[in-house]
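Read off the chains here:
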Amino acid sequence: MRGPSLIAVLVCTAQALALASLPARAADQASSQAPTPIPVPTVSIPAAEPQTEPSKVDPAQPPSHPNPIGTIRAKLADPSFGKGANADDLAALQFFYAAPTGGPLWTTEMGFSAKGQAALFEIGKADDWGLDASAFDLPPANALPKTQEEQALAEIKLDLAILKYARFARGGQFNPPDISVLLDQTPHLRDPKTVMTEIAATDAPDRYLQSLHPKHEQFARLRQVLLKAHGKDDEGAAAKPGASDKDIKRIIMNMERWRWMPDDLGSVYVWNNSPEFMLYVVKDGKKIYADKTLVGTIGYATPVFTANMTNIIFNPDWIAPETVVTENLLPALRDKNYSILKIHKLSVSYNGDPVDPTRVDWGRVSILSYAFSQKAGPDNVLGKVKFWFPNKHTVYMHDTLPVRKKYFSQPVRMIGHECVRMEKPLAFANVLLAEGKGWSAAQVKEQWDNGVNSSITFDHKIPVHMTYFTAVVDDAGKLSTFADVYGIDNKMATAMFGGAAGFPVPPPEPKKPQGEEANGSSAPSPARRTAGGNDIANSLGGFIGD
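Rules used throughout
Residues numbered from 1 in each chain as written. Predicted model: local features only at pLDDT ≥ 70, side-chain atom pairs only at ≥ 80, totals over all residues. Heavy atoms only, no water. Helix = DSSP H or I, 4+ residues; strand = E, 2+ residues; numbered from the N terminus. Contact = heavy atoms within 4.5 Å. Areas by Shrake-Rupley, 256 points an atom, 1.4 Å probe, with all protein chains shown as cover. Buried < 20%, exposed > 50% of the residue type's maximum accessible area, 1.4 Å probe, protein only. Pairing = 2+ DSSP bridges. Axes fitted to C-alpha atoms, helices over the stretch in contact; angles between N-to-C directions. Parallel < 35°, antiparallel > 145°, perpendicular 65-115°, else oblique. Left-handed = near helix turned anticlockwise from the far one by under 90°. Polar contact = N/O pair within 3.5 Å; in protein donor to acceptor, adjacent residues only side chain to side chain. pLDDT = per-residue confidence, 0-100. Expected span 1.5 Å × (residues − 1). Core = buried A, V, L, I, M, F, W, Y, C linked by side-chain atoms within 4.5 Å.

Caption draft 1: Molecular detail of the overall build of the protein. Across its full length, the protein carries 16 helices and 16 strands. Summarising the internal contacts of the protein: among those between residues at least 6 apart in sequence, 70% fall at separations of at least 24. Accessible surface computed for the protein: about 27,300 Å², of which carbon and sulfur atoms make up 55%.

This is the structure in structure tokens:
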């Protein structure tokens, strides 16, 4: 030991001994002066040399982390971070973590919290809900962050998976019109900022994620069938699988279509399902009416959308839509074949004024500036009644000519343009006017017999859902499947699974012999029109051979 160090130790020891003796002598020397303190020399004590043996550290104990919120914010603010992530999701996370907070939402120094684990495990079960679990980039559930940065990255990774799951559960995996022009639907997504606020406030993030899926009865039934097909029951227990790969894909595609439906279908609504060739009136979740339908051909397919039925018109006039005018009337009128108008009892007007068609140069004028109409009567192509729900497709429901009634006995019922016709229009009108107007059957029959272009407006609107479900589950849990008449399954399979094996494109519609109809379908137009008036051109007798 060096000299200065030894001196310092001796001095300190002596001073300590002197101080220790003071309490014992304090009583005897209470009146005496305090002893003169021993001077202590100033000594410079060098720092201790490093120990030759390493300190013992418990390897199971992770290093202490300061609050990583600052690191989370810095990562989210870095423009190079999160490439490939949804921009709205990143913005929502920036907003969420910018607020004052006590710490991360999902992670701790020891890894994911119980809430974080619950969210991770629920997303990992996405397959049970008709989603693809591999689509979500999840951090390892047992990850033990070694640094503040690792903890921040794990937190953000789970956040992004949660927001992606929330979007997919609400139907945001695809934009329906990108799959098919027939799908006029917009998924009802939840704002990612709202998702973060709501899931942060819940003690059960797994149940919150489950709540984002559709509440529709058919969605729930399809999910039950899917679980059984996966060899599970609704509690996740093992069950006997009983479906092919094609069946599973069809179930998943139809579950996805329910994600695109409105959350609230209505207390009373009309459900038209084109592949099934059926319509239903549903009240308080129960079917109170069912009827067979005729839908459009492949060339003039009935689109998928939702609109509100506002009124019913008894014994309506018919206005020829754009497709009829340009494809059927214009060629004949350019050839001065005016008899086509007389045969089908069509009158011509311009801005509401009658026009003599023989005095118009149809090769030079814009024919769409003229209206071609057919008065109500036994030969009117709309029949006795028209059910009106305004929409951009100009599609509606209506009665049909007696000559068409035979097609209701066929299993495949695709005739004419996009509008939907039902087998029992009077019974359908009775149900709707009872629900939407409070009318009796006698009141409806009076309009049916005597009304002329008579419009009856409902007291409250009735939603009409034009759908394309190729798989439906009945009350007993039995799955029914229907043909992909418009090829939408084919397109969805390609989008969702990367291929359409097992879902071929529908064959072309058969051509009809001259003067006849065949198989309940009319020959399609070379190119389907997706806008303008879409009605029943092919119901007019000389145009297709009716």
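Caption draft 2: Unusual backbone geometry, seen in detail. Not every positive phi belongs to a glycine, and Phe277 is a case in point at roughly 55 degrees. In this structure, Phe277 sits in the loop between strand S3 (268-273) and strand S4 (278-283). Given the relative accessible area of 4%, Phe277 is considered buried. One non-glycine residue with positive phi stands out, namely Lys345, at about 55 degrees. Turning to its location among the elements, Lys345 is positioned in the loop between helix H12 (339-343) and strand S8 (346-350).

Caption draft 3: Highlighting the pairing of strand S6 (residues 305-314). The element S6 is largely enclosed, with a buried count of eight among its ten residues. Examined bridge by bridge, S6 and strand S14 (residues 454-467) share nine bridges and lie antiparallel to one another. Along S14, the bridge assignment pairs Ala307 with Val464.

Caption draft 4: Quick look at the packing of helix H13 (residues 425-436) against helix H14 (residues 441-450). Where H13 meets H14, the closest approach of the two axes is 9 Å, and the angle between their N-to-C directions is 130 degrees. It follows that H13 is oblique to H14 by the angle criterion. Here the hand of the crossing between H13 and H14 comes out right-handed. Residues Pro425, Leu426, Ala429, Asn430 and Leu433 of H13 pack against Ala441, Val444, Lys445 and Trp448 of H14.

Caption draft 5: Highlighting the side chain of Thr107. Within the secondary structure, Thr107 sits in strand S1 (residues 107-108). A distance of 3.4 Å separates the side chain of Thr107 from the side chain of Gln151, its partner in a polar contact. A distance of 2.9 Å separates polar atoms of two side chains, one belonging to Thr107 and the other to Glu155.

Caption draft 6: The confidence of the model for the protein, seen in detail. Within the protein, residue pLDDT values average 84, and 79% of them lie at 70 or more. For the stretch residues 513-539, pLDDT sits under 50, and the model shows 95 contacts to residues farther than four places along the chain or on other chains. Under a pLDDT of 50 for its full length, residues 541-546 has, in the predicted model, 21 contacts with residues more than four places off or in other chains.

Caption draft 7: The arrangement of helix H10 (residues 245-259) in detail. With 15 residues, H10 ought to run about 21 Å at 1.5 Å a step, and its terminal C-alpha atoms sit 21 Å apart, in line with that. Extensive coverage of H10 is indicated by the burial of twelve of its 15 residues. Buried within H10 are the following residues: Ile248, Lys249, Arg250, Ile251, Ile252, Met253, Asn254, Met255, Glu256, Arg257, Trp258 and Arg259. Looking at the buried side of H10, the elements it contacts are helix H5 (148-169), helix H9 (217-229), S3, strand S15 (471-473), strand S16 (479-481) and helix H15 (488-497).

Caption draft 8: Fine view of the nonpolar core. Counting residues in hydrophobic clusters, the biggest one holds 129 residues, and the most contacted among them are Phe372, Phe387, Met397, Phe428 and Leu432. Beyond its immediate stretch of four places on either side in the chain, Leu432 contacts Val270, Val281, Met309, Ile312, Phe387, Lys437, Phe458 and Ile462.

Caption draft 9: Examining the sheet that holds S6 more closely. Pairing in this closed barrel of eight strands is mixed, and the strands run S3-S4-S5-S13-S12-S11-S6-S14 around the ring. Where S6 meets strand S11 (residues 385-388), four bridges bridge the pair, whose relative direction is antiparallel. Counted as the bridge partner of Phe314 is Val385 from S11. Docked against the sheet, H14 engages S6, S11 and S14, running at close to 70 degrees with respect to S6.

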